[in-house]
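Take a look at the letters that make up each chain.
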Amino acid sequence: MTQDHALQGSEFHGGPRVPGAGTASGTVLPGPAHDGADEPVQLIDRHGVRHAHEHYDGLVADVDGAELRKLYEDMVVVRRIDAEATALQRQGELALWPPLLGQEAAQIGSGRALREDDFVFSSYRENAVAYCRGVDLTDLLRVWRGNASSGWDPYTINMATPQVIIGAQTLHATGYAMGILQDGDDAVAVTYFGDGATSQGDVNEAMVFAASYQAPVVFFCQNNHWAISEPVGLQAHVPIARRAPGFGIPSVRVDGNDVLACLAVTREALARARSGGGPTFIEAVTYRMGPHTTADDPKRYRDANELEDWASRDPLARLATLLDSLGLLDADYTDAVKATADAIAADLRQGCLSMPEPEPTDVFKHVYSAPNSWLDRQQDHYERYLASFEQAPQEGSR
Amino acid sequence: MTTMTFGRAITAGLRRAMEDDPKVILMGEDIGKLGGVFRITDGLQKDFGAHRVLDSPLAESGILGTAVGMAYRGYRPVVEIQFDGFIYPAFDQIVCQVAKLHYRTQGAVKMPITIRVPFGGGIGSPEHHSESPEAYFTHTSGLRVVSVSDPQDAYTMIQQAIASDDPVLYFEPKRRYHVKGEVDEASDRSASDMGTARVVARGTDVTLVTYGPLVPTARDAAVAASDEGTSIEVIDLRSLAPIDYATVEASVRKTGRLVITHEAAQSGGLGAEIAASITERCFDVLEHAPVRVTGFDIPYPYSKLEFHHLPDLDRILDGVDRVMRRHNSLSGLTREGVSQ
């Protein structure tokens, strides 16, 4: 296969600037050189050219032109959802939104590999994975509009409520996978997290537990190069995928902007887990093209040239080029896909604007599953306090 | 009725819970072949299998985090934290996940996790082995917190904690593991409610509120006080979150005086919460401000000094003297002799 040199760990040209490690002029010490194993698996290169792969082609042999088109449609739709949600935030309808722009291939490729009874434990950026799980789109927005503490019942789409504490969900996935083992089932728990999360103790503990119990869990790390303002070089001085073998977990680096490669490596990891082979660690090398959230301003910390470079590796554009080269991307088709995406975005907007407002005393709901004397007393007092305003004969009286 | 130690009673309760519900899974460090460092899970792995009594890697956050995942899958994990002072690495998983997932998921996901914590001092151990961290958890909404003081409660309440759909921290006073008592193993776990406090000695002059390791000390103090003509009503809280204030209030309305004693440090502790709540509820009947007899606001001291830190019978009676406005009490007085 043709090597995509630009993909090779641009983050490792230099390590983080550790106090005392740099020179007086502020230059940093070079990171370790790459070896061949760090080269990401790639089936579609940045120019949209499909390359044969001795091992991974077999895992996507069923993906014909029609299936490639489905993956393309998925990516167009989730990018459109992302743009609409960002617009809703700009218009004051959402308090915050974490865009996934640039990570569509990593999320759609892996998300479409999953079986219905697999269970996902993700962070807050995996909106495209939730889309693959069949989430009601309005549910994607409830938390960000501030109308609810979560968007959906995890058991309806087999995807846990997105996790905000960085990396905590990797342990939940591992525990869930331990439960699958207990049940003698062949489902798999899949956990999504970022490059920043790999510094967390929980992620490392999750790998210890997963390896020790040979739990059927897939660690899907989207290395999007940035943890808010911190470059991946601050989290890891070697390619992240190299860590897993130290825990006894096989790992693979994949081009996270290549939807077909992401599908292939995830399928392999899932098959390994289902057949009793235990955990796998996947590092999908991708790029967060947008801000961390709508509250963030990447211009403060990253070079515009870097974004431009990654824009040339856009996951959607390269698949479009491939489809075009296969004669599968005529104007009628692209118009139809765009119309579908626009219709979904309109539904999303409508769902957002028509979301029911919560009741004041909803704050007390579901803290416990059983009555609680402390909370019942506080709720009773607060209800009477609120009622006192309705009973007040005139403004200002008590 | 069977006579057994406090520790054995917990073991028997665990065994019964595991027999009753195949979804009950035990997780923790050294709990398998060894039976735990206090032998509370002794024999359970042999009888129920290594798939139900899991020796965990030495990572407390990992233990709690995987317990959360097991609960997501429908299991009822019972986690052993080896010593009180080892719970802090798991603090994030307990406070941010175990406590809040039911709320976060609007009731869709239950977290029926029981976290057993051998706690408290008095066993001559080095640092991190004698702490009383309960207030960190009583301050966290979404958790239930209980402490047990006798074998019958130990047996019944561990089963109730496991049966609870809400997460429960179950604090075991480790220096009482060898105390013996009668246990009715035929009793149903619904025979009592772990949320209620219990009056363990009747009295009329002072209400003495405590829990866990100091319940026997408080009872002894009540006996000693009665010899001196003071009638103390001792309440074993049993549930620390929520606290059964109805029982405490009924007692204080009778006595007009409240002393709270616990091993944990004073400032921001449960004693402060109880004093404030009871003052709010029955200020009109109080003869004296509530008095706290607690551990000092210090790191747990080295063992040769730990009995200066731990409230004992005499310090409790000193607190009783204060609340009775007796002049023989020195505590609470400044050097000039003015009551603080």
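Residues numbered from 1 in each chain as written. Chains lettered and ligands numbered in written order. Predicted model: local features only at pLDDT ≥ 70, side-chain atom pairs only at ≥ 80, totals over all residues. Heavy atoms only, no water.

Focus on the overall build of chain B
- In terms of regular secondary structure, chain B is built from 12 helices and 14 strands.
- Here the C-alpha atoms of chain B give a radius of gyration of 20 Å, agreeing with the 20 Å that 2.2 N^0.38 yields for 340 residues.
- Principal axes of the C-alpha set define a box for chain B whose edges measure 65 × 45 × 40 Å.
- Taken over 340 residues, chain B has a buried fraction of 62%.
- Within chain B, residue pairs in contact and separated by at least 24 positions form 80% of the contacts whose partners lie at least 6 positions apart.
- Across chain B, the 35 positively charged side chains and the 45 negatively charged ones have centroids separated by 3 Å. (Helix = DSSP H or I, 4+ residues; strand = E, 2+ residues; numbered from the N terminus. Rg over C-alpha atoms; globule rule 2.2 N^0.38 Å. Buried < 20%, exposed > 50% of the residue type's maximum accessible area, 1.4 Å probe, protein only. Contact = heavy atoms within 4.5 Å. Lys, Arg positive; Asp, Glu negative; His and termini not counted. Charge placed at Lys NZ, Arg CZ, Asp CG, Glu CD.)

Here's the deal with the domain arrangement of chain B
Residue and element names in this part refer to chain B.
- Here chain B is partitioned into domain 1 (2-191) and domain 2 (198-323).
- On the side of domain 2, 24 residues touch domain 1, which itself brings 25 residues to the contact.
- Across the domain 1/domain 2 interface, buried area totals approximately 1900 Å², and carbon plus sulfur atoms make up 52% of it.
- Sorting the residues of domain 1 by area buried against domain 2 places Ser149, Arg175 and Arg176 first, and these three jointly supply 22% of that buried surface.
- There are 4 salt bridges connecting domain 1 and domain 2.
- Taking the shortest distance from any N to any O, the salt bridge between Asp153 and Arg238 comes out at 2.8 Å.
- Among the elements of the structure, helix 6 (134-138), strand 6 (144-147) and helix 7 (151-163) are those that each provide at least two residues to the side of domain 1 that touches domain 2.
- In terms of residue count, strand 6 provides more of the side of domain 1 that touches domain 2 than any other element does, 4 residues in total. (Domains from an automatic or database assignment. Buried area = accessible area lost by both parts, 1.4 Å probe. Salt bridge = Lys/Arg side-chain N within 4 Å of Asp/Glu carboxyl O.)

Considering the confidence of the model for chain A
- On average, chain A scores 91 in pLDDT, and the residues at 70 or more come to 89%.
- Here residues 1-36 of chain A is modelled with pLDDT under 50, and outside its nearest four sequence neighbours on either side it reaches 66 contacts, counting other chains as well. (pLDDT = per-residue confidence, 0-100.)

With respect to the sheet that holds strand 2 (residues 189-194) of chain A
Residues and elements named next belong to chain A.
- Strand order in the open sheet formed by 5 strands is 1-2-3-7-6, with parallel pairing between adjacent strands. Unpaired on one side and paired on the other, strand 1 (119-121) and strand 6 (251-255) mark the two borders of the sheet. Ignoring which end each strand starts from, the neighbouring axes of this sheet average 20° apart.
- In this structure, strand 3 (residues 217-223) lies alongside strand 7 (residues 280-285), joined through 6 bridges in parallel fashion. Across the sheet, residue Asn223 finds its bridge partner in strand 7, namely Val285.
- Packing against the sheet, helix 2 (residues 104-111) makes contact with strand 2, strand 3 and strand 7, and its axis sits at approximately 165° to strand 3. (Pairing = 2+ DSSP bridges. Axes fitted to C-alpha atoms, helices over the stretch in contact; angles between N-to-C directions.)

A closer look at the pattern of salt bridges
All names here are of chain A.
- Counted by the stated rule, this structure contains 44 salt bridges over all chains.
- In this structure, Asp117 and Arg115 form a salt bridge, with 2.8 Å as the shortest nitrogen-oxygen distance.
- Taking the relative accessible area as the measure of exposure, Arg115 reaches 30% and is therefore partly exposed.
- Across the pair Asp342 and Lys338 runs a salt bridge whose closest N-O atoms are separated by 2.9 Å. Here Asp342 and its partner Lys338 are both found in helix 12 (residues 331-353), 4 residues apart, which amounts to about one turn of the helix.
- When salt bridges with common partners are traced through the structure, they connect Arg80, Glu84, Lys338, Asp342 and Arg349 into a single cluster.

A few points about a nonpolar patch on the surface
All names here are of chain A.
- The grouping of Tyr382, Tyr385 and Phe389 at the surface amounts to a nonpolar patch, some 320 Å² of accessible area in total.
- Mapped onto the fold, Tyr382 is located in helix 13 (residues 373-391).
- On the accessibility criterion, Tyr382 (34% relative accessible area) is partly exposed. (Patch = residues over 30% accessible without salt bridge, like charges linked within 9 Å, V, L, I, M, F, W, Y side chains within 5 Å. Areas by Shrake-Rupley, 256 points an atom, 1.4 Å probe, with all protein chains shown as cover.)

Observations concerning the domain arrangement of chain A
- Partitioning chain A into structural domains gives domain 1 (5-14 + 30-353) and domain 2 (360-391).
- Distance between the C-alpha centres of domain 1 of chain A and domain 2 of chain A: 41 Å.

Observations concerning the UniProt feature "domain: Dehydrogenase E1 component" (unreviewed entry) in chain A
- Sites flagged by UniProt as "domain: Dehydrogenase E1 component" (unreviewed entry) map to residues 74-358 of chain A.
- In residues 74-358 of chain A, helix accounts for 46% and strand for 11%; the two terminal C-alpha atoms are 32 Å from one another. (UniProt positions renumbered as here; feature names shortened; annotations may be inferred.)

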